[in-house]
Amino acid sequence: MQEMWSEIDNFIDTHLIPEDPILLQTLENTAQKGFPDHLAVAPNQGMLLQMLIQMNQCKRVLELGTFAAYSTMWLARALPEDGYILTIEGRDTHAALGQENIDRANLPQTIELKVGRAADVLKALPADFEPFDFIFIDADKQSYPEYLELSLDLSHSGTIIVLDNVIRAGDIVNPDNHKPSIEGIRETFARLQNHPRLLSCTALQTVGSKGHDGFAIAIVK
């Protein structure tokens, strides 16, 4: 099944996802540094993020989990030239790689990378920090419930929140799996359910080159 899923993703990418020299450069530099590309979003998923930003004319984006900044590039490519991204990475080695890829891209949008645990970085932002239009959460799964609440505090009515990797090959419905990452996602679903600060939310499971997983998406009330 995995071979077929990857083949279909390649078919989609070949027909619908145009080649982008900045994105290719980011992937190539990441591979040259010896980092696996499975930690990055798939191109068709990156395009979905880009389209969500474009459809809603977002200008300010928050990303939790930079890794090599490949997803950051997808987010930035959707923004106007005066757009702003705050991306946060907890691992020093990943942050260094991400910053290198950001610098090499030389995009007109402002991309600010902060290093540290995302919750600590967000709590340290000034009280009058301008809210975000779009938030992409792709960091440590056990902290998703906390990240969701902190993201809501940095949102406005209409802000879109996307949480990646929330299916985990079906492990969220395995009663014998009590890994912190899985429990964190289950708690996130519990919080998303009838959350008083959310207008609507859903989740979709996906299969493809990244395996069986999925994402949740919510709109702030």
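Refer to the structure presented above.
Cut-offs and rules
Residues numbered from 1 in each chain as written. Predicted model: local features only at pLDDT ≥ 70, side-chain atom pairs only at ≥ 80, totals over all residues. Heavy atoms only, no water. Helix = DSSP H or I, 4+ residues; strand = E, 2+ residues; numbered from the N terminus. Rg over C-alpha atoms; globule rule 2.2 N^0.38 Å. Buried < 20%, exposed > 50% of the residue type's maximum accessible area, 1.4 Å probe, protein only. Areas by Shrake-Rupley, 256 points an atom, 1.4 Å probe, with all protein chains shown as cover. Pairing = 2+ DSSP bridges. Axes fitted to C-alpha atoms, helices over the stretch in contact; angles between N-to-C directions. Contact = heavy atoms within 4.5 Å. Phe/Tyr/Trp six-rings, centres within 6.5 Å; stacked < 30°, edge-to-face > 60°. Lys NZ or Arg CZ within 6 Å of the ring centre and 35° of its normal. Salt bridge = Lys/Arg side-chain N within 4 Å of Asp/Glu carboxyl O. Right-handed = clockwise from strand over helix to strand, strands pointing away.

A.B. asks: Before we go on, may I ask you to explain the overall build of the chain in this structure?
C.D. replies: Each helix and strand in the chain was counted, giving eight helices and seven strands. Computed over the C-alpha atoms, the radius of gyration of the chain is 17 Å, within 12% of the 17 Å expected from 2.2 N^0.38 for a compact globule of 221 residues. Considering only C-alpha atoms, the chain reaches an extent of 45 × 40 × 35 Å along its principal axes. Going through the 221 residues of the chain one by one, you find that 50% of them count as buried. For the chain, the exposed surface amounts to about 11000 Å²; the carbon and sulfur share of it is 53%.

A.B. asks: Explain the sheet that holds strand E3 (residues 110-115) here, please?
C.D. replies: Backbone-to-backbone hydrogen bonds pair the strands of a sheet. The strands run either parallel or antiparallel. Strand order in the open sheet formed by seven strands is E3-E2-E1-E4-E5-E7-E6, and the pairing between neighbours is mixed. Taken across any chain shown, the strands that pair with only one partner, and hence form the sheet edges, are E3 and strand E6 (198-208). Averaged over neighbouring strand pairs, the angle between their axes works out to 15° when direction is ignored. Across five bridges, the pairing between strand E5 (residues 155-164) and strand E7 (residues 211-220) is antiparallel. Each residue of the ladder has a partner; that of isoleucine 161, found in E7, is alanine 218. The sheet strands contacting helix H5 (residues 92-105) are strand E2 (84-89) and E3, and the helix crosses E3 at an angle near 165°. Contacts from helix H7 (residues 144-153) reach strand E1 (60-64), strand E4 (132-137), E5, E6 and E7, with the element oriented near 155° to E5.

A.B. asks: Sorry, what's going on with unusual backbone geometry here?
C.D. replies: As a rule of thumb, non-glycine residues mostly have phi less than zero, and peptide bonds are mostly trans rather than cis. Backbone geometry at alanine 169 places phi at a positive 55°, although glycine is not the residue there. Mapped onto the fold, alanine 169 is located in the loop between E5 and helix H8 (180-192).

A.B. asks: Looking at this structure, I do not really get the packing of aromatic side chains. What am I missing?
C.D. replies: The description of an aromatic ring pair rests on the distance of the ring centres and on the angle between the ring planes. For the structure shown, the criterion picks out three aromatic pairs. Judged by centre distance (6.1 Å) and plane angle (70°), the ring pair of phenylalanine 35 and phenylalanine 67 falls under edge-to-face. Of this pair, phenylalanine 35 sits in the loop between helix H2 (21-32) and helix H3 (43-55) while phenylalanine 67 sits in the loop between E1 and helix H4 (70-77), placing them 32 residues apart in sequence. The class of phenylalanine 35 is partly exposed, set by a relative accessible area of 24%. With 6.5 Å between their ring centres and 90° between their planes, tyrosine 70 and tryptophan 74 make a pair best called edge-to-face. Linking tyrosine 70 with tryptophan 74, this pair stays in helix H4, spanning four residues, or about one helical turn. Judged by relative accessible area, tyrosine 70 falls into the buried class, the value being 5%. The residue whose ring lies beneath arginine 60 is phenylalanine 132, and the NZ or CZ to ring-centre distance is 5.1 Å.

A.B. asks: Help me understand the pattern of salt bridges, please; the structure alone is not making it clear to me.
C.D. replies: Applying the stated criterion across every chain, the model contains 13 salt bridges. Across the pair arginine 186 and glutamate 183 runs a salt bridge whose closest N-O atoms are separated by 3.6 Å. Remark: glutamate 183 and arginine 186 occur in helix H8; sequence separation between them is three residues, near one turn of the helix. Shared partners join several salt bridges into a network, and the residues in it are Arg117, Lys123 and Glu146.

A.B. asks: Even after reading the chapter, I still don't get the environment of glutamate 19, so can you show me in this structure?
C.D. replies: With respect to the element layout, glutamate 19 can be found in the loop between helix H1 (2-16) and H2. On the accessibility criterion, glutamate 19 (72% relative accessible area) is exposed.

A.B. asks: Is there a simple way to explain the pairing of E2 in this structure?
C.D. replies: Looking along a regular strand, one sees the side chains alternate between the two faces of the sheet. Along E2, six of the six residues are buried, which leaves the element largely enclosed by surrounding structure. Side chains of E2 alternate between two faces, with Tyr84, Leu86 and Ile88 and Ile85, Thr87 and Glu89 buried alike. The pairing of E1 with E2 spans five bridges and is parallel. The residue bridging leucine 62 from the neighbouring strand is leucine 86, located in E2. In the classification by handedness, the crossover that spans E1, the intervening H4 and the parallel E2 is right-handed. Note: E2 against E3, six bridges, orientation parallel. Bridged to isoleucine 85 within E3 is isoleucine 111. Once the chain exits E2 it traverses H5 before rejoining the sheet at E3, and the crossover so formed is right-handed.

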